[in-house]
Amino acid sequence: MATTEEVVATTQAVTTTAKGGARPTLGDAKRRLTSPWATIAAIIIAAIWTIPTFGILVSSFRPRVEIQTTGWWTALQNWGWTTENYAEALNTSTGGLSLLGAFVNSFAITLPAAIIPLILATLAAYGFAWMEFRGRNLLFVLVFALQIVPIQMAFIPLLQLFARGELFGFPIIQAFSDQAGYAQVWIAHTIFGLPLAIFLLHNFIAQIPGEVIEAARVDGAGHGQIFFRIVLPLSMPAIASFAIFQFLWVWNDLLVALIFADGNVAPITKLLAQMVGQRGEDWHLLTAGAFIAIIVPLLVFLFLQRYFVRGLLAGSAKG
Amino acid sequence: MAAFLGWLSTLSPWLEIPIIIGVFLIAVAVLLFFIEIAPRAGRAYTIARLAACVIFPLAVMWILQSYWWAIAAAGVLGLLFFWLDQRARGGVGSLFQLFGFLAPALILLLVGLVLPVVQTLVQSMFNSRGDTFIGLDNFVWIFTQPQGIRTVVNTIVWVLIAPVVSTVIGLIYAYFIDKTRGEKVYKILVFLPMAISFVGASIIWRFMYTARPVDAEQIGFVNQIIVWLGGSPVPFLQVQPWNTLALIVVFIWIYTGFAMVVLSAAIKGVPTEQMEAAELDGANAYERFMNVVVPGIRPSLVVVLTTIAIASMKIFDIVRTMTAGANNTSVLANEMYQQFRSFEPGRSAAYAVILFILVLPLVIYNARQLKAQREVR
């Protein structure tokens, strides 16, 4: 996938004047000389990085009293395992919403908020890549530039738009009632995800060979068919990596949730943050709760790691 | 639309997901259908196009349940658009197609990002009720409050420490992990925190930092190590000014994996000839690293450093979850939220503007670097 290896590829291009061809790289040479010291150091650092997560996993299965009085590293001496923490944590409610409900909310927020911006961005990316019009470059730069805006800048007006239907005091839409459910979060995440998605997908879609599209055009396909039959299938790898990226981002988000998801629609991150504030010493609940919250991104990450790394390499310019 | 959303929210969340995605996909399919038939000649297509030009905006306005004059204006706009499209230079229907692809995203960006940013800029110069223009008073207020100055200083501390430390560790790790067996596993382990939410990571580290009285058994691992080494437990999140560092550690824990992955990919791209040449010239491992590898991956280093710097400048979740800004650990984003919660939109907007101004140079630098790289290619 071309866009995603861009950081790598550009680095290569900058470092050497020679272009193209299969050059031997540092990676090939290094693989021949593995050093035991490096291995030991790698193990130590990897261990340091894993201990915190491991500790919380072990703790979440220990009885309440044990967590409060003994360290999790003594779990083998102070035997005792239980899944009760999880049962209790899932039923713990904060402000009328249980952690289980919030977990479901996270799905209900994350899936649409990952899919909708992606499709809108793919449409726009196609427009920018394959349609000629005046001011195209300027408009694209403007969209790119929107990435630099910290989303905090848009919060208060956007909330006013949802709550009162007003922008600058002018009525634009009918105000969302209190029963609007997840709509506010979906729309907010869609908007905040768009600039980066358009930018990355454009880079990919613009690299589709012109001949392919020209051939389709000769066969009588219009823009609609070209988009649906050629561009969409061909850009699936790029769409997939960005989908995972956006999924993790929305799932892990707290700030947007705090502002746009109130009451019954709060995702698990928000509920956990509230639990920390209210029951900061109830480690049996917090450890289990934290693990419930991170299990989904961890699974997504472990199974789709390859795509995630691609998305990351492509998106490392994200501001 | 409010009614539809209201009805939707009465359903089970598991039903809501397919319905909203389904409705959205149907809308996109209809849009694509009209885009496809837009350039076709013939009376039937012209009528379809005319209908689409008028009905689309009317329908959108009606769905938004905007006011009657807005619906009327949308209809007029649709007619105007149809007329323009008929005489477009690219041929009949070309404008229609262009708008079909670009409008949904661009309108959302305009309404949801561009205008709100302008409005925030304006709002930062109004009082908390939003009815009196007070110029830069909100900013003056921030910079005359000891708490406000502290917030700005903390944010700067974050930006100075977090990117450098995580990039350096990530770089070193990326360099020697090449020489290890089982490279992939170690990489995943270090990279794993990247998938964990800041909230999850905050709980994990709050647990790590937990301090109990000297005579009691420790349950926080960090304090246990201190006790093992003969020290007495430290309440990391309360000791000023070091508690900010304790928060930064969490951030570094997460972002080192990011730096490692990007830089590792870059290091693999450094040509072997250069390394071999340096080796022949008698450079030792350290010299080779500093003189060949580091310059070789400089562009990636810049991208990683600035990306992490931007992220650390906007840091919110960690501070919010671990201390909520107590004990002088607050940062700009947290203070912005705090003011927003206490119904001070003017001050909140002012914090957002300061954040924006601080982020701006970094982002511009980052973007220029990327652009420069593209041009070389």
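Each chain has its residues counted from 1, running along the sequence as written. Written order decides the labels, with chains lettered from A and ligands numbered from 1. Per-residue local features are limited, in this predicted model, to residues with pLDDT of at least 70; the limit for side-chain atom pairs, both in listing and counting, is 80 or more; totals at the level of whole chains, interfaces and linings are taken over all residues. The side-chain figures draw on all heavy atoms in the structure; neither hydrogens nor water molecules are used.

Draft legend 1. Up close: the overall build of chain B. Runs of H or I in DSSP of at least four residues are treated as helices and runs of E of at least two as strands, each being numbered from the N terminus. Helix and strand counts for chain B come out as 17 helices and 0 strands. Relative to the compact-globule value of 21 Å for 377 residues, chain B shows a C-alpha radius of gyration of 28 Å, a clear excess of over 25%. Principal axes of the C-alpha set define a box for chain B whose edges measure 85 × 60 × 45 Å. Counting over 377 residues, chain B shows a buried share of 53%. For chain B, the proportion of contacts with a sequence separation of at least 24, taken over those separated by at least 6, is 64%. Every accessible area reported is derived by Shrake-Rupley at a probe size of 1.4 Å, with residue values counting cover from the shown protein chains alone. Surface accessibility of chain B: about 16,700 Å² in total, with carbon and sulfur atoms responsible for 71%. Throughout, the radius of gyration refers to the C-alpha atoms, and the reference size of a globule is 2.2 Å times the residue count to the power 0.38. Only protein chains enter the calculation, and the probe is 1.4 Å; a residue is then buried if its accessible area is under 20% of its type maximum, exposed if over 50%, and partly exposed in between. We call two residues in contact when some of their heavy atoms are within 4.5 Å.

Draft legend 2. Structural view of the side chain of Thr151 of chain B. Residue and element names in this part refer to chain B. Its place among the elements puts Thr151 in helix α7 (residues 146-177). A residue is classified by how much of its surface remains accessible, and Thr151, at 1% relative accessible area, is buried. Residues within four places of Thr151 in sequence aside, it is in contact with Ser330, Val331, Leu332, Glu335 and Tyr351.

Draft legend 3. Examining the packing of helix α6 (residues 99-130) of chain A against helix α2 (residues 13-37) of chain B more closely. All axes are obtained by fitting lines to C-alpha atoms, using only the stretch in contact for helices, and the reported angles, taken between N-to-C directions, cover 0 to 180 degrees. Packing of α6 of chain A against α2 of chain B brings their axes to within 9 Å, and their N-to-C directions diverge by 10°. On the basis of the axis angle, α6 of chain A is roughly parallel to α2 of chain B. On α2 of chain B, the residues that touch Val104, Phe107, Ala108, Leu111, Pro112, Ile115, Ile116, Ile119, Leu120 and Leu123 of chain A of α6 of chain A are Pro13, Trp14, Ile17, Ile20, Ile21, Phe24, Leu25, Val28, Leu31 and Leu32 of chain B. Only Asp, Glu, Lys and Arg are considered charged, only Ala, Val, Leu, Ile, Met, Phe, Trp, Tyr, Cys and Pro nonpolar, and every remaining residue, Gly among them, polar. For the contact of α6 of chain A with α2 of chain B, the residue count by class is 20 nonpolar, no polar and no charged. Angle categories: roughly parallel below 35 degrees, roughly antiparallel above 145, roughly perpendicular from 65 to 115, and oblique for all the rest.

Draft legend 4. Geometry of the confidence of the model for chain A. pLDDT measures the predictor's confidence residue by residue and takes values from 0 up to 100. When pLDDT is averaged along chain A, the result is 81, and 87% of the positions lie at 70 or above. The low-confidence segment residues 1-21 of chain A, where pLDDT is below 50, has 53 contacts with residues more than four positions distant or belonging to other chains.

Draft legend 5. Inspection of helix α14 (residues 298-313) of chain B at higher detail. In a helix, the anticipated span is given by 1.5 Å times the number of residues less one. In a regular helix each residue adds 1.5 Å, so 16 residues correspond to 22 Å; α14 of chain B covers 22 Å between its end C-alpha atoms and thus fits that length. With 14 of 16 residues buried, α14 of chain B lies mostly within the body of the structure.

Draft legend 6. Focus on the nonpolar core. Residues belong to one nonpolar core when they are buried, are Ala, Val, Leu, Ile, Met, Phe, Trp, Tyr or Cys, and are joined through side-chain atoms within 4.5 Å. Within the largest apolar cluster, 222 residues are counted, with the highest numbers of intra-cluster contacts made by Phe192, Ile198 and Phe260 of chain A together with Tyr173 and Phe251 of chain B. Apart from the residues within four sequence positions on either side, Phe251 of chain B is in contact with Trp158, Ala162, Phe198, Ile308, Ala311, Ser312, Ile315 and Ile318 of chain B. Counting residues in hydrophobic clusters, the runner-up holds 8 residues, among them Phe34, Ile37, Ala52 and Phe96 of chain B.

Draft legend 7. View of the layout of surface pockets. Quantified by volume, the second largest pocket comes out at close to 960 Å³. Both cavities and pockets are sets of points on a 1 Å grid over the protein atoms alone; in a cavity a 1.4 Å probe fits but cannot get out, in a pocket the set is open with protein on both sides within 12 Å along at least five of seven lines, and lining residues sit with an atom within 4 Å of a point. Contributing to the lining of the second largest pocket are 41 residues, with Leu159, Gln160, Phe162, Ala163 and Gln184 of chain A lying nearest its centre. Within the residue set of the lining of the second largest pocket, elements represented by two or more residues are α6, α8 (152-164) and α13 (255-260) of chain A together with α2, α5 (94-123) and α16 (332-341) of chain B. Residues that form the lining of the second largest pocket fall into these classes: 19 nonpolar, 15 polar and 7 charged. Grid points are joined across faces, edges and corners, and a volume is the space filled by probe spheres set on the points.

Draft legend 8. Representation of the interface of chain A and chain B. In this complex, chain A contributes 142 residues to the contact, which on the side of chain B involves 135 residues. Between chain A and chain B lies a buried interface of about 12,300 Å² when both sides are counted; carbon and sulfur atoms form 76% of it. A 3.5 Å cut-off defines polar contacts: any pair of N or O atoms within that distance qualifies, except that in protein one atom must be a possible hydrogen donor and the other a possible acceptor, and neighbouring residues in sequence count only when both atoms are side-chain atoms. At the junction of chain A and chain B, the tally comes to 11 residue pairs in polar contact (both at pLDDT 80 or more). Among the elements that take part in the side of chain A that touches chain B, helix α3 (residues 36-60) of chain A stands out by supplying 16 residues, more than any other. Residues of the side of chain A that touches chain B, tallied by class, amount to 93 nonpolar, 39 polar and 10 charged. When two parts are brought into contact, each loses some accessible area as probed by a 1.4 Å sphere; the total of that loss over both is the buried area.

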